[in-house]
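# Residue-level structure breakdown
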Amino acid sequence: MPDPTSLVRSRRNRRLDERGVRQTRLRMGGVGLGILFSFLLALLILAAALAYADLTRDLPNVALLPALLNPPDGLLLQPTLLYDRSGQHLLLTLAPGNSDASRRYIPFNPQSPQHLPDSLANATVAIADPNFWSHGGYLLSGWNDPEAHPTLAQQLVSDLLLYNEPPSLRRALRERLLAAQITSEYGRTQVLEWVLNSADYGNDAYGAEAAAQLYYGKSATELSLAESALLAATSQTPGLNLLDARDLAIQRRDKTIQLMARLRLISRKQAAQALAETVPAAGPLQNAAHSNASAFLNLVIHQVDGQFTRPRVERGGLRIVTTLDYDLQQQAACTTLVFAARLAGAADPSASAPCPAADALPLLSPDTTFAEPSLSALIYDPASGQVLAAVGETLRGVETPFLSPHDPGSLMTPFVYLTAFTRGLSPASLVWDIPPLGEPLDPGALFHGPVRMRIALANDYALPAQTVEAQMGSAAIDRTESSFGLSAGKKTLLDMAAAYGIFAAQGVRYGQPGPTRVLRVEGLDHSVWLDLTNPQAQPVLAAPLAYIMNHVLSDEAARRPSLGHPNALEIGRPAGVKIGQTQARLDSWTVGYTPSRLVAAWVGTQTAQSANLSPPLAAALWSALMQAATQSLPAEAWTAPAGVTSMDVCDPWGLLPTPDCPSVVKEVFLNGNEPTQADTLYRTFQINRETGLLATVFTPPQLIEDRIYMVVPPEAQSWAKAANIPVAPSAYDAIQAPRINVDVRITSPAMFADVSGRVQITGTASGDTFDHYRVLVGQGLNPQQWIVVGNDSTARVEDGLLATWDTMGLSGLYAVELQVIRSDQQMDTAVVQVTVASK
């Protein structure tokens, strides 16, 4: 029997062992959890480190702020300057009134003899950052709103250090990090001083001194409380300023004064006095120094805006070298204004400089003047994609800074024909310029009948273009236009210049990627911000197709049916040109180019009474400007690339010439698209000259003559009749029974018999001096081709079998002719007409 004491001891030991096991397991679990927690903590620290590294990667150095703003060499103390391509002619200073004066930096320190007033600082703090003096330069609030900059330090960072970063959570965090740095490193007073000397106050006025001079005509050191409050409010919404929104600007001033009083930055008495202060009227903003290039400069600002934010460009410190050819711009501007005056029936405007390009303009008769004409022009280098000059639309004889979009009208037809050329058609292909079927014929309308596509395109014939457009389909044409950067709707001169420039450059689009207006952007410290001097090249159109289009548009002879000779488009050198107009005749276009220069001209009017602008009006302006643009350049043409064939064709069908073809011309084709069939538009018909009817085998030979007629299709019959185009007769000469010759006659089949199968031809082939005979058959009343049945026979036949004719596979009207040849080479004939019935 077990000892009770041993049993108790055993049980106790077992419990102790189990407890030890549990404690060991707990210790091992704790160690595991500790390891896992340490691993997760390490991952978290690593992730935080990586996130911080990403957040601070390429973070701007806050030391940039003194370099940008501190006098005397702060980069932003100089306004942005725009120059022509030579860098010698200053076109524009982005400062109030186009002033070239430096921006004055005024300290906030009261110890300085000249300093910014406390009223301006307090007003700015009150409206922009009421807790400015207490926080660390940033606020966590608003982090989820990329557009929010709730402190002055954050505004400064956003405007000057992070201006080129798109709004995002990352940017918001970087902004707060930098705001904390500049506040810690430079102090709140310095931050406020920088803000007041760099803020945007509207109308290119950056900094309090520029704003005070612009709106009050005084220094910022002399600002009153009311004036300070108005400027502080303007700094938050620059568009609401005294010049552009006077009433709203004053309302915001009053709210700022009231806010300052609530924050106890001013007394109630000071607030009342400031609210009662009268705001003097601000004078108009003077900006006249760039009147001859205002439209071009708008294009420049728009392109730079695509690279940097516009506020940063306007803030200053940059030197922008544009593509403008200064002398060419002057000539384009004065020539356009002279022509605008002549179209309005006014005297030529007085010019401050010579304008030789205007000498090429025509003198207009009084009946070609219009009420309120508007003109615009652009000069472009297709080999580099650079805009060399641009003249904004004229309004009452004064150039405006706008290149507005307009209906391009028939200026788009080359892209219709180009679509056809890509589908196997060619400049030689036939199109009909005839009235649409089912529509009444306008007695005054001019139609040209069958023409080659070359002639239809060069002369801007409307109906052939509509026909080709319908055949190609709008979807295919839209794809072609889209590849040239053109979309549906109205177009600007810049749009059309860029598109036609691809033709001029043999199918290549040059630019950055669109038309280039800026060559270089440099900091005033000579740092390079942007360099566009080397154009990008993008193939758009195969060189053979581009050459074919250039060959058509530069064909001076092809244009003469509509423009005559000489005309404004003939400038003494090869030039591809397209005239265009709208159906309402309110717009007249001309776009033309050489390999090195392109000129686009537009003439329009908004006055319905003066409609009917003819294409030669825009062509006259184009001609004068193109001559000015190319006068110092060698005459160039386009060289045919591989893949293009030149060959003779019949005009206007464009097929291989035949003896009946009235005119043979040389045409160009893509390899593989050359014609292989003979022309069938013109055919020779045998006519009885006495009756004017088609000759038959029974018409006396001495009355038959050959005449060439155009084979007019049914849909063109009305046009041919109205145009007095001779049409081949459709009726045949009356058939008279031939005189019976007993020695030469066919007895079977009988005249007008119906035959089929194997037809036995019987009759007589005999008589004096008989040598041999033959039997022939030919289709029609007057066959042009004959087939010999059997072989020539030297055996005389008297009322016997002459030949057997197998009509298998034939049908219709046929002539059967017996020819008896005499020993003296004289020939007697007999003919019958039969109808072959098919089986």
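A brief look at the structure comes next. Computed from a prediction, not measured in an experiment: that's the story for all the values here.

### Details of the overall build of the protein
- Of the regular secondary structure elements, the protein holds 22 helices and 28 strands.
- Here the contacts in the protein between residues at least 6 apart in sequence split such that 67% fall between residues at least 24 apart.
- With the model as given, the accessible surface of the protein reaches about 40,000 Å², and the carbon-plus-sulfur share is 53%.

### Some thoughts on the sheet that holds strand E1 (residues 81-83)
- Read from one edge to the other, the open sheet built from five strands follows the order E2-E1-E3-E11-E12, with strand pairing classed as mixed. Each edge of the open sheet carries a strand with a single partner, namely strand E2 (90-93) and strand E12 (528-531). The average undirected angle you get between the axes of adjacent strands in this sheet is 15°.
- Here E1 pairs with E2 via three bridges, running antiparallel.

### Let's talk about the environment of Ile379
- Locating Ile379 in the fold gives a position in strand E4 (residues 373-381).
- For the pair Ile379 and Ala390, spaced 11 residues apart in sequence, the C-alpha separation works out to 6.3 Å.

### Digging into the side chain of Arg253
- Among the secondary structure elements, Arg253 is positioned in helix H9 (residues 246-262).
- With a relative accessible area of 3%, Arg253 lands in the buried category.
- At 3.1 Å, the side chain of Arg253 and the backbone oxygen of Glu277 are in polar contact.
- Setting aside its immediate chain neighbours within four residues, Arg253 contacts Ala226, Ala229, Leu230, Ala233, Ala274, Leu275, Glu277 and Val279.

### Topic: the pattern of salt bridges
- Within this structure, the stated rule accounts for 23 salt bridges.
- With a shortest N-O distance of 4.0 Å, Arg560 and Glu556 are connected by a salt bridge. Within this pair, Arg560 and its partner Glu556 are both found in helix H20 (residues 556-563), separated by four residues, close to a single helical turn.
- Judged by its relative accessible area of 25%, Glu556 falls in the partly exposed class.

### Considering the state of the cysteines
- If you walk through the whole model with that rule in mind, you get two disulfides.
- Across the disulfide, Cys334 is cross-linked to Cys355 (sulfur-sulfur distance 1.9 Å). Measuring handedness by torsion sign, the sulfur bridge of Cys334 and Cys355 sits at about 85° and is right-handed. Residue Cys334 is located in helix H13 (residues 326-343), and its partner Cys355 is located in the loop between H13 and E4; the two are separated by 21 residues in the primary sequence.
- For Cys334, a relative accessible area of 15% gives the class buried.

### Thoughts on helix H17 (residues 474-483)
- Of the positions making up H17, those classed as buried are Ala476, Ile477, Thr480 and Glu481. One face of H17 carries all of its buried residues, which in axial projection span an arc of 135°. Among the exposed residues of H17, those oriented more than 90 degrees off its buried face are Ser474 and Arg479.
- Considering only its buried residues, H17 is in contact with helix H14 (413-421) and helix H16 (462-472).
- Just past H17, the residue Gly485 takes up positive phi, approximately 80°.

### Structural notes on the environment of Ile266
- With respect to the element layout, Ile266 can be found in the loop between H9 and helix H10 (268-276).
- The spacing of Ile266 and Ser119 is 147 residues in sequence and 8.7 Å in space, taken between C-alpha atoms.
- Ignoring anything within four residues of it in the chain, the contact list for Ile266 reads Leu225, Ile257, Met260, Ala261 and Ala271.

### Overview of the nonpolar core
- Grouped together as the largest cluster of nonpolar side chains are 76 residues, with contacts concentrated most on Leu378, Phe415, Phe484, Met496, Tyr500 and Phe503.
- It is helix H18 (residues 493-504) that provides the largest number of residues to this core, a total of nine residues.
- Excluding its chain neighbours within four sequence positions, the residues that come into contact with Tyr500 are Leu411, Pro414, Phe415, Leu553, Lys578, Val591, Tyr593 and Leu598.
- Of all hydrophobic cores here, the second largest spans 49 residues; its members include Leu116, Leu156, Ala199 and Ala220.

### Remarks on the packing of helix H7 (residues 208-216) against helix H8 (residues 225-236)
- One way to put it is that H7 packs onto H8 with a least axis distance of 11 Å and a crossing angle of 110°. One element, H7, and the other, H8, form an angle in the roughly perpendicular class. When the axes of H7 and H8 are compared, the crossing they make is right-handed. Between H7 and H8, the residues in contact are Ala208, Ala211, Ala212, Tyr215 and Tyr216 and Glu227, Leu230 and Leu231, respectively.
- Within the contact of H7 with H8, the residues separate by chemical class into seven nonpolar, no polar and one charged.

### Describing H8
- Between the first and last C-alpha of H8 there are 17 Å, a value that for 12 residues agrees with the 16 Å anticipated at 1.5 Å per step.
- For H8, the tally of buried residues reaches 11 of 12 residues, placing the bulk of the element in the interior.
- Those residues of H8 that are buried are in contact with helix H3 (118-128), H7, H9 and H10.

### Points about the sheet that holds strand E23 (residues 758-765)
- Here three strands make up an open sheet; going across it, the order is E21-E23-E26 and the pairing antiparallel. Each edge of the sheet is formed by a strand with only one pairing partner; in this case those strands are strand E21 (744-748) and strand E26 (797-806). Neighbour to neighbour, the strand axes of the sheet diverge by 30° on average, direction disregarded.
- Across four bridges, the pairing between E21 and E23 is antiparallel. Within E23, the position partnered with Ile746 by the bridge is Gly763.

### A word on the packing of aromatic side chains
- One pass over the full model with this rule turns up 13 aromatic pairs.
- A ring pair is formed by Tyr186 and Trp194, whose centres lie 5.0 Å apart and whose planes are at 70°; its orientation type is edge-to-face.
- Residue classification places Trp194 among the buried positions, given a relative accessible area of 0%.
- Seen in terms of ring centroids, Phe415 and Tyr500 are 5.8 Å apart; in terms of plane orientation they differ by 75°. Their pairing is edge-to-face. Of this pair, Phe415 sits in helix H14 while Tyr500 sits in helix H18; the two residues are 85 residues apart in sequence, bridging distant segments of the chain. Assigned by exposure class, Phe415 and Tyr500 land together as buried.
- Put simply, the rings of Phe415, Phe484, Tyr500 and Phe503 pair up and form one aromatic cluster.
- In this structure, Arg312 is placed above the aromatic ring of Tyr163, and the distance from its NZ or CZ to the ring centre is 5.4 Å.
- One cation-aromatic arrangement involves Arg319 over Tyr83; the distance from NZ or CZ to the ring centre is 4.5 Å.

### Notes on unusual backbone geometry
- Cis geometry is adopted by the peptide bond preceding Pro652, which originates at Asp651 and carries an omega value of 10°.
- The amide bond that connects Ser748 to the next residue, Pro749, takes the cis arrangement and shows omega of 0°.
- Looking at the element boundaries, Pro749 is found in the loop between E21 and strand E22 (754-755).
- Despite not being glycine, Phe752 shows a phi value in the positive range, around 65°.
- By relative accessible area, Phe752 is classed as partly exposed at 49%.
- Despite not being glycine, Gln825 has its phi angle at roughly 70°, a positive value.
- Residue placement: Gln825 occurs in the loop between strand E27 (812-822) and strand E28 (827-836).
- Residue classification places Gln825 among the exposed residues on the basis of a relative accessible area of 62%.

What counts and how
Residues numbered from 1 in each chain as written. Predicted model: local features only at pLDDT ≥ 70, side-chain atom pairs only at ≥ 80, totals over all residues. Heavy atoms only, no water. Helix = DSSP H or I, 4+ residues; strand = E, 2+ residues; numbered from the N terminus. Contact = heavy atoms within 4.5 Å. Areas by Shrake-Rupley, 256 points an atom, 1.4 Å probe, with all protein chains shown as cover. Pairing = 2+ DSSP bridges. Axes fitted to C-alpha atoms, helices over the stretch in contact; angles between N-to-C directions. Buried < 20%, exposed > 50% of the residue type's maximum accessible area, 1.4 Å probe, protein only. Polar contact = N/O pair within 3.5 Å; in protein donor to acceptor, adjacent residues only side chain to side chain. Salt bridge = Lys/Arg side-chain N within 4 Å of Asp/Glu carboxyl O. Disulfide = S-S within 2.5 Å. Arc of directions from axis to C-beta. Core = buried A, V, L, I, M, F, W, Y, C linked by side-chain atoms within 4.5 Å. Parallel < 35°, antiparallel > 145°, perpendicular 65-115°, else oblique. Left-handed = near helix turned anticlockwise from the far one by under 90°. Nonpolar A, V, L, I, M, F, W, Y, C, P; charged D, E, K, R; others polar. Expected span 1.5 Å × (residues − 1). Phe/Tyr/Trp six-rings, centres within 6.5 Å; stacked < 30°, edge-to-face > 60°. Lys NZ or Arg CZ within 6 Å of the ring centre and 35° of its normal.

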